[in-house]
Amino acid sequence: MKVGVLVSGRGSNLEAVLDAVAAGRLPGVEPVLVISNRPGVPALAIAERHGVPTRVMQRADFVDRAARDAAIGRALAESGAELALLAGYDQLLAGAYFSAFTGRTINVHPSLLPRHGGAGMMGLAVHASVLAAGDRETGVTIHDVTPELDQGPPIAQVRVAVRIGETADELAARVLVVEHQMVVAVLARLGAEGSGAHLSASMTAAPRARTRPRMTHERHAPDA
Ligand code: GRF
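Here is what the cut-offs are and how they apply
- Sequence order sets the numbering: in each chain, residues are counted from 1 along the sequence as written.
- In keeping with the predicted nature of the model, local features appear solely for residues at pLDDT of at least 70, side-chain atom pairs appear and are counted solely at 80 or more, and the whole-chain, interface and lining totals rest on all residues.
- Hydrogens are left out, water is left out, and the side-chain values use all remaining heavy atoms of the structure.
- All axes are obtained by fitting lines to C-alpha atoms, using only the stretch in contact for helices, and the reported angles, taken between N-to-C directions, cover 0 to 180 degrees.
- Strands here mean DSSP runs of E at least two residues long; helices mean DSSP runs of H or I at least four residues long; both are numbered from the N terminus.
- Note on terminology: angles under 35 degrees are roughly parallel, angles over 145 are roughly antiparallel, angles of 65 to 115 are roughly perpendicular, and the others are oblique.
- In what follows, a contact means two residues having at least one pair of non-hydrogen atoms within 4.5 Å.
- Asp, Glu, Lys and Arg are counted as charged, while Ala, Val, Leu, Ile, Met, Phe, Trp, Tyr, Cys and Pro are counted as nonpolar; the rest, among them Gly, fall into the polar class.
- Proximity is defined per residue: if any heavy atom of the residue lies within 4 Å of a molecule or strand, that residue is considered near it.
- Whenever two N or O atoms come within 3.5 Å, that pair is a polar contact, provided that in protein one can donate a hydrogen and the other can accept it, and provided that, for residues adjacent in sequence, both atoms are side-chain atoms.
- A 1.4 Å probe and the Shrake-Rupley method give the accessible areas. Residues count as covered only by the protein chains that appear here.
- Whether a set of points on the 1 Å grid over the protein atoms alone is a cavity depends on a 1.4 Å probe fitting there but being unable to get out, while an open set qualifies as a pocket with protein on both sides within 12 Å along at least five of seven lines; lining residues are those with an atom within 4 Å of a point.
- To decide whether a molecule occupies a pocket or cavity, check its atoms: if more than half lie within 2 Å of the grid points, it is inside.
- Any residue under 20% of the maximum accessible area for its type is buried, any over 50% is exposed, and the rest in between are partly exposed; the area is computed with a 1.4 Å probe on protein chains only.
- Note on pairing: DSSP must find at least two bridges between two strands before they are called paired.
- Crossover handedness is defined by viewing with both strands directed away from the observer: a clockwise path from the first strand over the helix to the second marks the crossover as right-handed.

Caption draft 1: Highlighting the packing of helix H1 (residues 12–22) against helix H2 (residues 42–49). In the contact formed by H1 and H2, the axes pass within 9 Å of each other and the chain directions differ by 10°. Viewed along their axes, H1 and H2 adopt a mutual orientation that is roughly parallel. Taking contact as the criterion, the partners of Leu14, Glu15 and Leu18 in H1 are, on H2, Ala43, Ile46, Ala47 and Arg49. Its residues assigned to classes, the contact of H1 with H2 comprises five nonpolar, no polar and two charged.

Caption draft 2: Focus on the site of the ligand. The immediate surroundings of the ligand are formed by nine residues, with Arg10, Gly11, Ser12, Asn13 and Glu179 found nearest. Between Gly11 and the ligand, the recorded distance is 2.8 Å, taken from a backbone N or O atom to an oxygen atom. Glu179 is positioned with one of its side-chain polar atoms (N or O) 2.5 Å from an oxygen atom of the ligand. For the ligand, the accessible surface in isolation is 360 Å², of which the surrounding protein chains cover 90%. Its atoms largely coinciding with the cavity grid, the ligand occupies the largest pocket.

Caption draft 3: Local environment of the side chain of Ser12. Within the secondary structure layout, Ser12 lies in helix H1. Accessibility expressed as a relative area gives 15% for Ser12, which makes it buried. Looking at Ser12, its side chain comes within polar contact range of the side chain of His180, at 2.8 Å. Residues contacting Ser12, with those up to four places away along its chain left out, are Leu176 and His180.

Caption draft 4: Looking closely at the pairing of strand S4 (residues 83–86). Covered by surrounding structure in S4 are Leu83 and Leu85 together with Ala84 and Leu86, the residues of both alternating faces. The pairing of strand S1 (residues 2–7) with S4 spans four bridges and is classified as parallel. Counterpart to Gly4 in the pairing with S4 is Ala84. Bridging between S4 and strand S5 (residues 104–109) involves four bridges; their strand directions are parallel. Across the sheet, Ala84 pairs through a bridge with Thr105, a residue of S5.

Caption draft 5: Local environment of the pairing of S1. Within S1, five of the six residues are buried, leaving the element largely enclosed by the surrounding structure. Bridging between S1 and strand S2 (residues 30–36) involves six bridges; their strand directions are parallel. In the strand pairing of S2, Lys2 is matched with Glu30. The β-α-β motif built from S1, the intervening H1 and the parallel element S2 has right-handed crossover chirality.

This is the structure in structure tokens:
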């Protein structure tokens, strides 16, 4: 299964995937392209270190966001990617993307969606929101991304207990470890099935949350 990865920054989820590929733990997965909407980010260096082709596709280089997102979709299609992984990609994808790339697109979100998803729920804000709400548990959701907000179904969801008195930074660090495990586990399953297109509805990397999630897109940051 050829995989394209969309990134915006740090790239630790990307690194978890590329390390797993390098270690032979994802035999069915071939990373073919990493696209960033921001130049000079650590994720690009990680891709280069692993010999994966990279592209920077900033909105400023296109007439508008739809044109940029269509170009991202075309680049993925031309790379042969069957699956696109949003690994810390901080933009909402325009409908034009889904017209250009008809493979599966999945996203990693650091909470138990639909809790703490939606506008502004990115990075530390997610974990601060969990703590402010007094939630006793949070977690990670990997879900399909569709053009319709809230329509992308969950693929896997894993719970993480919130510790009394911990900071958002501490919670984020613990959740991130689970993200890395989950993204590799989900890709392993998809790769073993030979394609991202036919993931069985029963697949979970770990127990589901008690609440059945309605999926919410997380990428509403100012465009870049
Ligand atoms: C992760 O927490 C991911 O769930 C969210 O953005 C963060 C990206 O981290 N979508 P990284 O770039 O993979 O290190």
